[in-house]
Amino acid sequence: MLFYSLSGPRTQRLLLSFLLVAAWEAGSGQVHYSVPEEAKHGTFVGRIAQDLGLELAELVPRLFRVASKGRGDLLEINLQNGILFVNSRIDREELCGRSAECSIHLEVIVDRPLQVFHVEVEVKDINDNPPVFSASEQKLSIPESRLLDSRFPLEGASDADVGENAMLTYRLSPNEFFTLDIINKKDKGKFPVLVLQKLLDREENPQLQLLLTATDGGKPELKGSVTLQISVLDANDNAPIFDRSIYEVKMYENSANQTLVIWLNASDADEGINKEIIYSFSSLVPPNIRRKFLMNERTGEIRVNDAIDFEDSNTYEIHVDVTDKGTPPMVGHCSVLLEILDENDNSPEVVVTSLALPVREDAQVGTVIALISVSDHDSGANGQVICSLTPHIPFKLVSTFKNYYSLVLESALDRESVANYELVVTARDGGSPSLSATASVSVDVSDVNDNAPTFAQPEYTVFVKENNPPGCHIFTVSARDADAQENALVSYSLVERRVGERALSSYVSVHAESGKVYALQPLDHEELELLQFQVSARDAGVPPLGSNVTLQVFVLDENDNAPALLPPGPGGVAGAVSQLVARSVGAGHVVAKVRAVDADSGYNAWLSYELQAAAGAARSPFRVGLYTGEISTTRALDEADAPRQRLLVLVKDHGEPALTATATVLLSLEDSGQEPKASSRASTGAAGAEAALVDVNVYLIVAICAVSSLFVLTLLLYTALRCSAPPSEGACGPGKPRLVCSSAVGSLSYSQQRRQRVCSGEGPPKADLMAFSPSLPPCPLPAVEVEEESTEGDHCSK
């Protein structure tokens, strides 16, 4: 960083007089520096980073920057060494005019975390402006008859500097007629007055030319001069005079036009026409004052003619001449000092600078949202402004400096509760009545991924018929995320598990966007009765959040397996039964049994047996048990019966449509004379057992029908309740499921011994005896004895 030195002894002395001071102002957190005006580019102002307690290494990462309100780029900061220096020409008179104090207010802002510092750089005045007169020549007309010590006010010079640099002294060129007197006017500085010390004689000196020089108090001092052209007039011995040479008047701003300011009074000691006087504004009165005020030349009244605004000018100096009508006319002079009193006619102004919008909903308490500055052009109590905020929750205003506030987060935000806040900042001054101004601040709350997707319920039950087509839609899961935008975008996936020896993904899949669940292959009730797995829903936030839902897919049985005939014994052939039967057996004697099973379940596995009569054959002496498959005699056998009986037994399940299988039973009748009585008793006992078994079967059928009716009613009610909710099953969803209890008789007992696979998302297959949803009530078991038959032996047991 290069710093330019100011050359010349005068400038060096000025710089030595303005040593730059940097110190924290007690309790305010403000840094003060000073710098002389007209300092060259690169002039050192202060080590701002050090004074603010900041490390040089953190200036760039924390985005160290400076904002000066309406001051352009007069000052700049070197981010390498943290030095504040002069960047462009500083003209104190241009910045602050004739104000006694002049400073540049800087706002220093750093991020991470956001901090705001206030720096005030005072601009010191140097004597760079000489005294200036409004004109290079002033003309005066003075009658020769004027008495000694007559006074003639002159227009003084003005100096754009302030303080000692603007303190003027006057000097008049040597002459024998006039001396110079200085009038100290209240708050207006010094004004020169010519005093006549020797009587004028027009015949000797009709014209006089003097030089008036003004010198300021700066070092080095600067000068300005004006030529005084004095015309000596003849006649009229007495000039009009005012009651006072200076009048002081106070009035409020915004006074209506034609309001009386003052009524001047002047008199002339002459008589006749030389006593008649006319009032007028002096040639020293500038045009802007002539526009604002009117002078009545006859009465001496000064009235308001234009808007009077305290903020434009709080004082006016009106020079008034009174001239008589003598020849030559004589003139009297006075000054009217008009002080304008302030009224509360300016509302406060509010400026909002947004810094951190939108605000994240996880923003910490104390985060600065915006900077607010207020101002009021009035003065005194009328210019004192108080700020308030509505609503005040969850934000507050913190005063950082005079008329500067920070909008700060006071409590935690939740976008899901409130996504936008419309705040109103009200600035009210201390006038009576007070005036106020408002500014609206719209604070949007940006979303943070703080809500996981949620399902309507933790578990769903789905019924699917077996043998569904591959790719069939069986269910749709849906999760809702309370967040917004990408944080609310939900994607679905399977929670992968092993189902037995296979992966879950080989059975089902889920669409990532829609949540539709598809069966990838036909399901087989005989292989898998229950498939339980989980679907995961995750959002697209960072980090992503998720939740799981459990699906229980019950595979409903269809009648897709025909009854299978079992061999009568080891080494036998399925579907063929050969048996020797003694002709001596009586009615009801069991001579053989057809064994069959059905891989289905429920009604589809409930088998019945029918004896098919051969075409043209005589009535057979045998019959088959409807549900047991036992072949027994209907009467005692005799010699008329054929020695070889060929019976066809039709095995049929109760599915829709029913599937069948046919067994061939070959019976060979042989004579036997042993123990006929015992055989007769056995036949009688067998007939009684058969009749009892038929009665039991009738009761069993009635009980099963009653239970089935109850199940159908329950299922219809369940379906009606499900239909009132959004549909959740696919196009290949199940038809009317049927409840089948494990208490069925006959070949249904096989399903009690067969181990069915009920698979969930984890663990080995489970054994279950029921083929209905676990949410349904279990079937009552009829109080009957069920004959159970082993598939590997020929014996039966009760």
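This text goes with the structure placed above it.
Residues numbered from 1 in each chain as written. Predicted model: local features only at pLDDT ≥ 70, side-chain atom pairs only at ≥ 80, totals over all residues. Heavy atoms only, no water.

Colleague: Please clarify how the overall build of the protein should be interpreted in this entry.
Modeller: When helices and strands are counted, the protein shows six helices and 55 strands. Across the 798 residues that make up the protein, the buried fraction comes to 43%. Intrachain contacts of the protein at a sequence separation of at least 6 include 68% that bridge at least 24 residues. Split by element, the accessible area of the protein, about 40,800 Å² in all, is 53% carbon and sulfur. (Helix = DSSP H or I, 4+ residues; strand = E, 2+ residues; numbered from the N terminus. Buried < 20%, exposed > 50% of the residue type's maximum accessible area, 1.4 Å probe, protein only. Contact = heavy atoms within 4.5 Å. Areas by Shrake-Rupley, 256 points an atom, 1.4 Å probe, with all protein chains shown as cover.)

Colleague: Before we go on, may I ask you to explain the pattern of salt bridges in this structure?
Modeller: Across all of its chains, the model carries 16 salt bridges by this definition. The partner of Arg583 in a salt bridge is Asp671, with the nearest N and O atoms 3.3 Å apart. Here the residue Arg583 occupies a position in the loop between strand E45 (576-582) and strand E46 (590-593), and Asp671 occupies one in the loop between strand E52 (660-670) and helix H5 (676-724), the gap between them amounting to 88 residues. With a shortest N-O distance of 2.7 Å, Asp641 and Arg635 are connected by a salt bridge. The structure contains a network of salt bridges with shared partners spanning Glu38, Arg89 and Asp91. (Salt bridge = Lys/Arg side-chain N within 4 Å of Asp/Glu carboxyl O.)

Colleague: How do you make sense of the packing of aromatic side chains when you look at a structure like this?
Modeller: One pair of aromatic rings is described through two measures. These are the centre distance and the angle between the planes. Enumeration over the complete set of coordinates arrives at nine aromatic pairs. Consider the rings of Phe152 and Phe178, whose centres lie 6.3 Å apart with planes at 75°: the pair is edge-to-face. Linking Phe152 in strand E10 (residues 151-153) with Phe178 in strand E12 (residues 178-185), this pair joins segments that are 26 residues apart in sequence. For the pair Phe152 and Phe178, a shared accessibility class is recorded, and that class is buried. Here Tyr460 and Phe475 contribute two aromatic rings whose centre-to-centre distance is 5.2 Å and whose plane-to-plane angle is 50°, an arrangement assigned as tilted. Of this pair, Tyr460 sits in strand E34 (residues 459-465) while Phe475 is found in strand E35 (residues 472-476), placing the two residues 15 residues apart along the sequence. The burial state of Tyr460 is the same as that of Phe475; both residues are buried. Each member of the aromatic cluster is reached from another via a ring pair, and the members are Tyr603, Trp606 and Tyr627. (Phe/Tyr/Trp six-rings, centres within 6.5 Å; stacked < 30°, edge-to-face > 60°.)

Colleague: Can you walk me through unusual backbone geometry in this structure?
Modeller: When glycine is set aside, most residues are seen to have a negative phi, and most peptide bonds are trans. For the bond running from Thr327 to Pro328, omega is -5°, close enough to zero to count as cis. One can find Pro328 in the loop between strand E23 (315-324) and strand E24 (331-341). Omega for the peptide link from Thr390 to Pro391 comes to -15°, which places this bond in the cis form. You can see Pro391 is positioned in the loop between strand E28 (385-390) and strand E29 (395-401). For Asn254, which is not glycine, the phi dihedral falls at a positive 65°. In this structure, Asn254 sits in the loop between strand E17 (246-252) and strand E18 (260-263).

Colleague: Sorry if this is basic, but what is going on with the sheet that holds strand E11 (residues 169-172) here?
Modeller: Backbone hydrogen bonds are what pair the strands of a sheet, in a parallel or an antiparallel way. Spatial ordering of the open sheet is given by E9-E15-E14-E11, a layout of four strands whose pairing is mixed. Looking at which strands have only one partner, the edges of the open sheet turn out to be strand E9 (137-143) and E11. Adjacent strand axes in the sheet meet at a mean angle of 25° when their direction is disregarded. The pairing of strand E14 (residues 207-215) with strand E15 (residues 223-233) spans nine bridges and is classified as antiparallel. Note that in E15 the partner of Leu211 across the bridge is Thr227. (Pairing = 2+ DSSP bridges. Axes fitted to C-alpha atoms, helices over the stretch in contact; angles between N-to-C directions.)

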